[in-house]
Amino acid sequence: MKTLLAVLGALAAVLLIPPLLSSGSDDDVGDQVRGLRVLVPNAPGGGYDITARNAAKAIEEADLASRIEVFNLPGAGGTVGLGRIVNERGNGKLVMSMGLGVVGAVYTNKSPSSLADTTPIAKLIEEPDIVVVSKDSPYKDIGQLLAAWKANPGQIPVGGGSRAGGPDHLAPMLMAKAAGMDPRQVNYVPFDGGGELLASVLGGKIAFGVSGIGEYRDQIQSGDLRVLAVTSKDRLAGVTAPTLKESGVDVEFTNWRGIVAPPGISTNERGRLVNLFTRLAGSPQWREVLKRNGWTSAFQPGDEFGKFLAAENDRVATTLKELGLV
Amino acid sequence: MGSFTSLIDGFGTALTPVNLMYAVIGVLLGTTIGVLPGIGAAMAVALLLPITYGLDPTGAFIMFAGIYYGSMFGGSTTSILLNTPGETSSVVTAMEGNPMAKRGRGSQALAAAAIGHFVGGMIGTLLLVLLAPVVAKLAVGIGAPDFFAIMLLAFISVTSVLGKSRVRGFASLLIGLAIGLIGLDEMTGQQRLTFGSLHLSDGIDVVVVAVALFAVGESLWVAAHLRRIQAEPIPVGRPWLGRGDVRRSWRPWLRGPFIGFPFGAIPAGGAEIPTFLSYVTERRLSKNKDEWGKGAIEGVAGPEATASASASGTLTSMLTLGLPTTATAAVMLAAFQQYGIQPGPLLFERESGLVWALIASLFIALVLLLVLNLPLAPVWAKLLRIPRPYLYAGILFFASVGAYAVSGDVVDLVVLFVIGLIGLAMRRYGLPVLPAVIGVILGPAAEQQLRRALQISDGSVSGLVNSPMSVTVYVLILAILAWPLVRRRARDQASMVGP
C-alpha cells in the first residue's frame, strides 16, 4: 500500500510540474493579448530574464494583458531561443526578450537564423556601460588609463562580463579603435557574467573592467569602485565620470534590450503586440521598474526598432570582421 | 556582539506565525521541485518567483530561504535512491549514496545526508553571521592563478578514484575531459566538437552527463542482464542510523562545512569542486577503505555537509558584495532588485531588519528540513521495494523528464541517451564511470582558469605563481607527490638497518 502511495506521489509530482512550465492559451478578446508567452533566451537571473519578468509583471499590474508566461530557453548566447522564434512562424502569441548580445552571438555562433528573420516589436531600455577600476587602481582618470593602454596594450588586461561578440567585449574594442589602437592587440579577459567580473575588478586582478552599471551601483556609492568614464551619450545621474566623447574617444555605446516576435505574423497581430508594449512603456508601473533597476527608457516601436536593429547589426558585423572573429 | 543582538531581532521577525508559514511552504515547495533532476535550485527559485510577488519583502525572502535549502536537499534524495542527481551539488553524493541504497541502507544514507545538510547549513550560516564582512573581502582577493592551483590539487586527488585498473580509470577520465571540451571556446569563440549544432555550443550540463552515466547507463545495463540474474527487489534494512553509522559520520559532518563554505563564498566556486574535495578527503581519512565504492557512509555525510555550507557561503558573497557566485544567487539577486533592494556593501546598514530576518529564517529552514526529512527517510527508502523492472523504467522516465526540464529541448534527450549508451559501454568494458564525471566537472573549470590566468599575464607563465596562495597550493601538491617516495626511502632504510 505504502509502495503504491509512493509511486502515486512520484507520479503526481512528475505530472504536475511540467504544466508549471507550460500552459495553454486563450482566444483574444478585443484589444487584449491573452495567453502571451515570453521566451527568454538566457538562463534565469540573466539580463533578458530580468527584463522579461519585470515587463510581464508591469503589464499585468497595469492591466494591459493577463496571464503572461515567461519561460527560459537558454543556449548559445541566445541563438537557440532565436532559432525557436524563427521556427514559430505565424505564432502571434509568442515574443522573445533580447538585446545587443544576441546580435553578436548570431555571428560568433554561426547561427542559421538571424534577427532579420524576426518581426521587431519594440526596443525597451538602454543600459550604458561603464569603464571601472577598483579604488586602489593607479588610474585616477580616463586619460591616464588610455595613455597606459596605448603604450602597452598587452599588459593592460580588460575584463568584461560577456564572451567574444558580446556587449562587454565589443565596447572596449570600439574604444580601442577610436583611441587609435589596433583592436586585435586588446587583451580581453571574458568572465561569466557581471558578478565574477566585479570580484576581479575589486581584487585588482585586471587593469579595468567594462560592464553595464547595474550590479555596480552600490560599490560605486560606497567608494570601492571608481568609474573612469561612461559609454553613453550623456553623463549618468549619480556618477561623476565623464562620457567617452568628452574624454576625446569618439565612441557612443549602449547595451539595449527589446522585444521581437516570430516572422510571418499578421498585421493585426503585430499591431496588437506593438500596441501592448507601447502602452507598457507609457505606464507608471514600467517607469517604476526603470527607476528601480537604473535602466534608461529607450522606447522605439516596430519599424523604428527594425531600422535600429539593422544598423546595430552592421556595426557589430564590422567590428567582429575587423577582429577576425567572423 | 552587535551581530548576535541583530540576529535575535531577526528571529523575532522570522518566528511570527505568518512568516513561519512562509518558511514551511518554501521548504515544502523547494523539496518537491528539487527532487526532479534537471530542475536545480536556480530554476526552482525562478519558477516560484511569481508566487512571492504578492508578499512583503521579508515574507518573500523567508520563503526563498526555504526554497533554496529545500531544493538543494531534494536533489540528494533522488541522487541516493535512484542514482539520478537532481543538481550539481549532489552528483558526488550518488557515488557512495546509491551503493548504500542498493545494499538496503537507503534510509541510513538519507538520514546521513539530512543530518549532514543540517550540520553543514548550521555551521555555514553561523560562519555567515560571524565572518560575512571578512570573508567577502578575502574572497575578492582570490584570482585565476589560485583557482588553477586548486584545480591541479583536485586533479591529483582524482587518482584515488580511478579504481583498480589505472588504464581504465584514465580512459574514463579522458572520456569525461572530452565531453567537457564540447561547446564554444569562451576566449576565442571557436566551436569545439559541436558539429555545427547550436544546442551543443554551451556545452553539456554536468547534471545531464551525471544522470546519463549513472542512471541511464545503469538502467540499460540492468535491462541487458535482468533476464539472467534473479530479479529480487532491493532489500530495505533498518530504518534508523545505528550507533556505528553516527560514529563514522560525525567527523565528516563537521569537516564538510569548512571545505564548502570558502568555496561557496568565492566567485566561480560553486558546490561541485568542494563536494568532490570533501569526498576524496573523507576517503583518505576513512578507516573502512575497502567499503568505498560499495557504500561508505562517510562519502555521503561529508559531501552533503559541504554542499549545504557552500550554499551559505554563496549567500555571504551575495549579501555583502552583491556578488552572485552561482546561478541561484543570480536569481535571488534579481529577486532582491524586484523589491528595490540592492545587495552590496551597504545592504547590512540599509536593510538591516530584512537581512537579519533572512539569516534567521535560514536557521529555521534548516530545522524544518531536518524535522520533515528525517522521519521521511525510511518512507522514501521504501521506494526501492518496487520490483526492478518497474523501478528502472521509473528511473529512465525520471531521468528523461529531468534532462528535458533543463531547457525544454529535445536535443538534451538525445544527448542524455547517447551519453547513456556510452555509460552502458563503459560498464560492459569495466570502465569506472566516476572519473568521467569528475573530468566533466574539473576539465572545463581548470581550462578556463588556466587560460584566464595566462591571458591576464599576457602569456607569461609567471602569471601562474604570482600570488602567495597559488605558491602555497603548489608546495602542498609537491609535498603530496613526494610523500610516497620519501616514505618508501624511509622504509627501505629501515629495512636495511633492520636485522
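Throughout this description, residue numbers start from 1 for each chain and increase along the sequence as written. The order in which chains are written sets their letters, starting at A; the order in which ligands are written sets their numbers, starting at 1. With the structure being a predicted model, the display of local features is reserved for residues of pLDDT at least 70 and the display and counting of side-chain atom pairs for 80 or more, all residues being used for whole-chain, interface and lining totals.

## Description of the overall build of chain A
The helix and strand tally for chain A stands at eleven helices and ten strands. A buried classification covers 53% of the 326 residues belonging to chain A. Two residues qualify as being in contact provided that their C-beta atoms, derived from the backbone, are within 7 Å of each other. For chain A, the proportion of contacts with a sequence separation of at least 24, taken over those separated by at least 6, is 75%. Elements are defined by DSSP. Helices are runs of H or I of four residues or more, strands are runs of E of two residues or more, and each kind is numbered from the N terminus. Partly exposed residues are those whose C-beta has more than 12 but fewer than 20 other C-beta atoms within 10 Å; 20 or more makes a residue buried and 12 or fewer makes it exposed, with C-beta atoms placed from the backbone.

## Side note on the overall build of chain B
Counting its regular elements, chain B contains 18 helices and two strands. The globule rule used for comparison is 2.2 Å times the number of residues to the exponent 0.38, while the radius of gyration itself is calculated over C-alpha atoms. Rg of the C-alpha trace for chain B: 23 Å, near the compact-globule value of 23 Å for 499 residues, within the 12% margin. Structurally, chain B occupies a C-alpha span of about 65 × 60 × 60 Å along its principal axes. Looking at chain B as a whole, 59% of its 499 residues are labelled buried. Here the analysis covers contacts within chain B between residues at least 6 apart in sequence; of these, 80% occur between residues at least 24 apart.

## Remarks on the interface of chain B and chain A
Many structure descriptions define interface size as the accessible area lost when the parts assemble. Listed per partner, the contact involves 52 residues of chain B and 54 residues of chain A. Secondary-structure elements contributing two or more residues to the side of chain B that touches chain A are helix 2 (17-35), helix 3 (41-48), helix 5 (91-140), helix 12 (327-338), helix 15 (388-407) and helix 17 (434-456) of chain B. A per-element tally of the side of chain B that touches chain A places helix 12 of chain B first, with six residues. Three categories are distinguished: nonpolar for Ala, Val, Leu, Ile, Met, Phe, Trp, Tyr, Cys and Pro, charged for Asp, Glu, Lys and Arg, and polar for the others, with Gly belonging to the last. Taken together, the residues of the side of chain B that touches chain A sort by class into 29 nonpolar, 16 polar and seven charged.

## Remarks on the domain arrangement of chain A
Residue and element names in this part refer to chain A. For the purposes of this description, domain bounds are those given by an automatic or database domain assignment. According to the domain assignment, chain A contains domain 1 (35-126 + 255-322) and domain 2 (127-254). Every contact between the two is made by 19 residues of domain 1 and, on the other side, 17 residues of domain 2. At the level of secondary structure, the elements contributing two or more residues to the side of domain 1 that touches domain 2 comprise helix 4 (100-108), strand 4 (119-134), strand 9 (254-261) and helix 11 (302-322). In terms of residues, the side of domain 1 that touches domain 2 owes the most to one element, helix 4, which gives six residues.

## A word on the pairing of strand 9 of chain A
Residues and elements named next belong to chain A. Of all eight residues in strand 9, seven are buried; the element is thus mostly enclosed. Pairing geometry for strand 3 (residues 94-99) and strand 9, over four bridges, is antiparallel. Paired with M96 across the strands is V260, a residue of strand 9. Bridge count between strand 4 and strand 9: eight bridges; the pairing is antiparallel. A pair of strands is labelled paired if DSSP reports no fewer than 2 bridges between them.

## Quick look at the nonpolar core
By convention the nonpolar core is taken to be a set of buried residues drawn from Ala, Val, Leu, Ile, Met, Phe, Trp, Tyr and Cys and joined through C-beta atoms within 7 Å. The biggest cluster of nonpolar side chains holds 260 residues, and the ones touching the most others in it are V95(A), V45(B), F64(B), V209(B), V211(B), A365(B) and V437(B). No other element matches the 24 residues that helix 5 of chain B contributes to this core. Both of domain 1 (35-126 + 255-322) and domain 2 (127-254) of chain A provide at least three residues apiece to this core. Setting aside its immediate chain neighbours within four residues, V95(A) contacts L36(A), V38(A), I121(A), I259(A), V260(A), A261(A) and L273(A).

## Focus: the pairing of strand 3 of chain A
Residue and element names in this part refer to chain A. Most of strand 3 sits inside the fold, with six of its six residues counted as buried. Neither face of strand 3 is left uncovered, since the one carrying L94, M96 and M98 and the one carrying V95, S97 and G99 both have all their residues buried. Here strand 1 (residues 37-40) pairs with strand 3 via three bridges, running parallel. Bridge pairing in strand 3 links V38 to V95.

## Focus on helix 2 of chain B
Here helix 2 of chain B spans 27 Å end to end across 19 residues, near enough to the 27 Å set by a 1.5 Å rise per residue. Among the residues making up helix 2 of chain B, those that are buried are N19(B), Y22(B), A23(B), G26(B), V27(B), L29(B), G30(B), T31(B), I33(B), G34(B) and V35(B). Expected span, for any helix, means 1.5 Å times one less than how many residues it has.

## Things to note about the packing of helix 2 of chain B against helix 4 (residues 57-82) of chain B
Residue and element names in this part refer to chain B. Running from N to C, helix 2 and helix 4 cross one another at 30°; their axes reach a closest spacing of 6 Å. With respect to helix 4, the element helix 2 is oriented roughly parallel. With respect to the hand of their crossing, helix 2 and helix 4 are arranged in right-handed fashion. For the contact of helix 2 with helix 4, a count of residues per class yields 17 nonpolar, 15 polar and no charged. Here the axes come from fitting lines to C-alpha atoms, over the contacting stretch only for helices, and the angles between their N-to-C directions go from 0 to 180 degrees. Our angle categories are set so that under 35 degrees counts as roughly parallel, over 145 as roughly antiparallel, 65 to 115 as roughly perpendicular, and the remainder as oblique. Note on convention: the crossing is left-handed when the near helix lies turned anticlockwise from the far helix by less than a right angle, right-handed when the turn is clockwise.

## Focus on the confidence of the model for chain A
Residues with a pLDDT of 70 or more make up 88% of chain A, whose mean pLDDT is 82. The quantity called pLDDT is the predictor's confidence in a given residue, expressed from 0 to 100. Here helix 1 (residues 2-21) of chain A is the element of chain A with the lowest mean pLDDT, 50, and strand 8 (residues 225-230) of chain A is the one with the highest, 92.

## A closer look at the confidence of the model for chain B
Predicted coordinates in areas of low pLDDT are best not read in detail. Averaged over chain B, the pLDDT score is 82; the fraction of residues at 70 or greater is 92%. Scored as a whole, the predicted complex attains pTM 0.77, and scored at its interfaces, ipTM 0.72.

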